[in-house]
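Structural features, examined
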Amino acid sequence: VTGFVLGIDVGGTTVKAGLVGRDGAITAVRSVSSRLGGPRSFRRALEQLVAEVLAQMPPGAAVAAAGMGCKGRIDTAAARVRSLPGEFRYLEGEPLDRWIAGAVGRPVPVRLDNDARTALAGELRWGAARGRRNVALLTLGSGVGGAAFCDGRMLQGHAGAAGHLGHVTVDVEGPHCSCGNRGCVEAIFSARAIEGDALAAVRRGCESSLHADFAARPDALTCADVFRAAARGDVVARAIVRRAAGALSAAMAGIAHALDPELFLLGGSIAAAPALIGPLRSDFWRRTERLLGRRIPVRRAALGGEAGIAGAGALAWDAAGE
Ligand SMILES: [Zn+2]
């Protein structure tokens, strides 16, 4: 029997699912808008999505297990979402494992975890972290997610909250963060934070290509525009990026000193921004080389576009015992 697992990625704008083979190959990807409003319509959409994916399975094949990644704090033992700020709050406490097994149509092992840990599970099995035992991962997107694999195990912590590396404090009296703390790296480096800084500069009328391009349509300004302007030499954009990247490398230094990883992985949409990783790496090494006695490699995560499905598939293969 050809074996597959089901990988489900609950993202900010879409819920995606696909079949994931033993080699990490992803097929039959289907998606649905994540604006579903409540648990009932979420469950219906999930069942529909899974049915569409399973319909693509070759004859005689079977799904051995299922995995799901989503934001927030997850009770991995019970496969429940403990806390999930934002539009998916309604999933807190819901029996997602039963919904998924119900959608598959028979009792399969189901594993659920935070999306950053899921991404790291994928990198460990098929990506840039294969064979490693100590890896830290940051996912750089609209927020900053994190996961830590320490001494061969995914770090969970007392209440399952370990690895929220986006909430490492880098500025004691810095901007307020959605988590309740101040000066978290997420409040300074994330796409939302960078866009906010750039918009403020546009509104102040700073001399910048950003002002020329976006003063009339500030809502269209994205983090990618800020990085592009910085790469072109725009002074204002460069200052914004430099400050944000400084916060990121400071956070990475704190994490490295705490966890002593053999590898630092950067995933998410901003990790590919032009001219980010080079200067980031040098600054990170300057901050850590002396105490740690080496330069910890900093690499981009390898499992690009469908990393969420791949990671959920890796969890599922773990659950299937393979
Ligand atoms: Zn925070």
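Heads up: these notes are all about the structure in this document. Not measured: the values here are computed from a predicted model. (Residues numbered from 1 in each chain as written. Predicted model: local features only at pLDDT ≥ 70, side-chain atom pairs only at ≥ 80, totals over all residues. Heavy atoms only, no water.)

Here we look at the side chain of S208
Inspection of the secondary structure assignment puts S208 in the loop between α5 (191–203) and α6 (209–214). Judged by its relative accessible area of 12%, S208 falls in the buried class. Polar side-chain contacts of S208 include one of 3.0 Å to the side chain of D234. Contact partners of S208, with chain neighbours within four places excluded, come to D234 and V236. (Helix = DSSP H or I, 4+ residues; strand = E, 2+ residues; numbered from the N terminus. Buried < 20%, exposed > 50% of the residue type's maximum accessible area, 1.4 Å probe, protein only. Polar contact = N/O pair within 3.5 Å; in protein donor to acceptor, adjacent residues only side chain to side chain. Contact = heavy atoms within 4.5 Å.)

Comments concerning the pattern of salt bridges
Tallied over the entire structure, the rule returns 17 salt bridges. For R243, the salt bridge goes to D197, with nearest N and O atoms at 3.1 Å. Pair noted here: R243 is in helix α8 (residues 235–259) and D197 is in helix α5, with a separation of 46 residues, a long-range link. You can call R243 partly exposed: its relative accessible area is 43%. Ionic pairing is found between D260 and R294, a salt bridge with its closest N-O pair at 2.7 Å. With D260 in the loop between α8 and β11 (263–267) and R294 in the loop between α9 (277–292) and β12 (298–300), this pair connects stretches of sequence that are 34 residues apart. Overall, R294 belongs to the partly exposed group, its relative accessible area being 32%. Look at the salt bridges and you will find they share partners, linking D283, R286 and R287 into a network. (Salt bridge = Lys/Arg side-chain N within 4 Å of Asp/Glu carboxyl O.)

Section: the coordination of the zinc ion
For the zinc ion, every protein donor is listed as H167 (ND1), C177 (SG), C179 (SG) and C184 (SG), and the spread of their distances is 2.0 to 2.3 Å. Its four donor atoms give the zinc ion angles of 107 to 119° at the centre, a pattern that matches the tetrahedral case. Looking at C179, the relative accessible area reads 41%, which means it is partly exposed. (Donors = N, O, S within 2.8 Å, 3.2 Å for Na, K, Ca; no water. Tetrahedral: all angles 85-135°; square planar, octahedral: opposite > 155°, others 65-115°.)

Overview of α8
Taking 1.5 Å per residue, 25 residues should reach 36 Å; α8 reaches 36 Å between its end C-alpha atoms and fits that length. One side-chain oxygen of the residue at the start of α8 lies 3.2 Å from the amide nitrogen of V236, identifying that residue as D234. After α8 finishes, the residue D260 shows a positive phi value of roughly 55°. (Expected span 1.5 Å × (residues − 1).)

Structural notes on the pairing of strand β9 (residues 144–150)
Counting buried residues along β9, six of its seven residues qualify, which places the element largely inside the surrounding structure. Inspection of the sheet shows strand β8 (residues 135–140) paired to β9 by six bridges, in the antiparallel sense. Paired with L138 across the two strands is G146, which belongs to β9. Here β8 folds back onto β9, and the loop between the two strands holds three residues. Where β9 and strand β10 (residues 153–154) come together, two bridges link them in antiparallel fashion. Within β10, the position partnered with F149 by the bridge is M154. Between β9 and β10, which pair antiparallel and follow one another directly, the connecting turn spans two residues, one of which, D151, has a positive phi of 50°. (Pairing = 2+ DSSP bridges.)

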